[in-house]
Amino acid sequence: MYISRIALDTFRSWNHIIFDCEPGINIIYGNNGLGKTNIVESLEFVGTGISHRTSSTLPLIRKGYEKSTIRLNTRKNDEETTYEVNIFLKGTNRARINNGKSLYMRDILGYLPVVSFTPSDQLLISGDPTVRRTFIDQAGLLLLPNYSQILQNFKHISKQRAALLKSIREFSNNNQPISLSGLEIWTGKFIESGIILTQARQKVVNILNKYFNKIIKYITNSEEYAELKYNPSFQEVVEEETEEENNVFNLISEHFQRIYEGELARGCNLIGPHRDDVDFMLDKMLAKDFASNGESWTLAIATKMALCNALEEKNNEKPIIILDDVFAQLDENRRKQILNFVENQNQVFITTSSLSDMPKNSIVQKNNLINIEDLLSQQNSANNTYEEHNSILKSILEQRNA
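Quick notes on the rules
Residues numbered from 1 in each chain as written. Predicted model: local features only at pLDDT ≥ 70, side-chain atom pairs only at ≥ 80, totals over all residues. Heavy atoms only, no water. Helix = DSSP H or I, 4+ residues; strand = E, 2+ residues; numbered from the N terminus. Buried < 20%, exposed > 50% of the residue type's maximum accessible area, 1.4 Å probe, protein only. Contact = heavy atoms within 4.5 Å. Areas by Shrake-Rupley, 256 points an atom, 1.4 Å probe, with all protein chains shown as cover. Salt bridge = Lys/Arg side-chain N within 4 Å of Asp/Glu carboxyl O.

**Quick word on the overall build of the protein**
Summing up its helical and strand segments, the protein has 11 helices and 14 strands in all. Relative to its 402 residues, the protein shows a buried fraction of 49%. Sequence-distant contacts, at least 24 apart, represent 71% of the contacts inside the protein between residues at least 6 apart. Here the protein has roughly 20100 Å² of accessible surface; of this, 46% comes from carbon and sulfur atoms.

Okay, here's the thing in structure tokens:
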């Protein structure tokens, strides 16, 4: 599969843009701040419903507009498929395949296998746990067929329970009578959905670990043993794998009883999958405690490569790769590692502010080069045509009303 055409309407900085792509390597180049990353971000969003740049979809809509639209044409074995995603300022995001019936966004997630390599990938090792949770969730959306529903269900229940805790706190502060039956119900739902999400995330980490250590050894020529270690908030799910599910539920429930006062005081869920983390281990030691800048990059790159390998095995085809301005961040050795990897992929999108940042390799000369300034000129021309049409229509209406 490869993307043959990209069309964006009021997405991020783009008002309207449409251009064709090729299998192999597509290089989008030009000065920073002109919208290169916004283009490849749209591909990531269609594939996973998540952007590594923001936790909210609101920034994806161009300022002053109510919605944005992403349309992608893909080709596979001479068969073309069109994916359309509408992101709304208010309301639920929707999607269509080949102009079919309107679908929920979750119904198309994973259909477009996209893996992005970005300058922020190094934060997978040294950054906040939110970065690692986002990556695991993106991987889960691509690898597990029901992951979207599991994640969405947990987020909904988590939000409802947190709102109820705040409400109980306010009633308590005002010395009003409180019924805790509602909290007990939502706590039960929270634990049940949290257990399911924890189990799904463990599956994702297990899948990635099938490839992660081999890739590290290949890249570094080292005998160090590397692995991803899932560190869930609901440790009981992992520690009590041999126990009955009811026992795991009861153990977690007892924990919630112990922390009730703290949750009530703060008005939030103190434990749960929203606080999960993933540890990067080298010879059973935490990599973030000693890894250098270069080692952190290597671990991050290997993690994304592991996801690529897992998707290839799952789908029996290579995923679409995004390299968003990563060459400027890497030394020459790691540039070559990345380049060797992408040479064997079906389709790759590379963004760069300067072609001189690309590795000195003949492959760069054989690619589809897309100048971002040409796309901006195309957009401005389309905007001018639109304004001219509006002006003509307004003139006709005024003459009719005269």
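**Here we look at the pattern of salt bridges**
Oppositely charged side chains can pair when the atoms bearing their charge come close. Evaluation of the coordinates by the stated rule reveals 14 salt bridges. One salt bridge in this structure joins D20 and R5, with 2.6 Å as the shortest N-O distance. Of the two residues, D20 sits in strand β2 (residues 14–20) while R5 sits in strand β1 (residues 2–11), which places them 15 residues apart along the sequence. Residues K210 and E313 are paired through a salt bridge, measuring 3.3 Å at the closest nitrogen-oxygen approach. Remark: E313 occurs in helix α9 (residues 293–315) and K210 occurs in helix α5 (residues 181–220); sequence separation between them is 103 residues. Judged by its relative accessible area of 44%, K210 falls in the partly exposed class. Residue classification places E313 among the exposed residues on the basis of a relative accessible area of 52%. Each of the salt bridges in this network shares a partner with another, and the network as a whole consists of D9, R71 and E84.

**Side note on the environment of F212**
By secondary structure assignment, the location of F212 is in helix α5. For F212, a relative accessible area of 0% gives the class buried. Along the primary structure F212 and K304 are separated by 92 residues, whereas in three dimensions their C-alpha atoms are 9.0 Å apart. Excluding its chain neighbours within four sequence positions, the residues that come into contact with F212 are A226, E227, L228, F280, L299, A302, T303 and A306.

Limitation: the analysis is restricted to geometry and does not speak to function.
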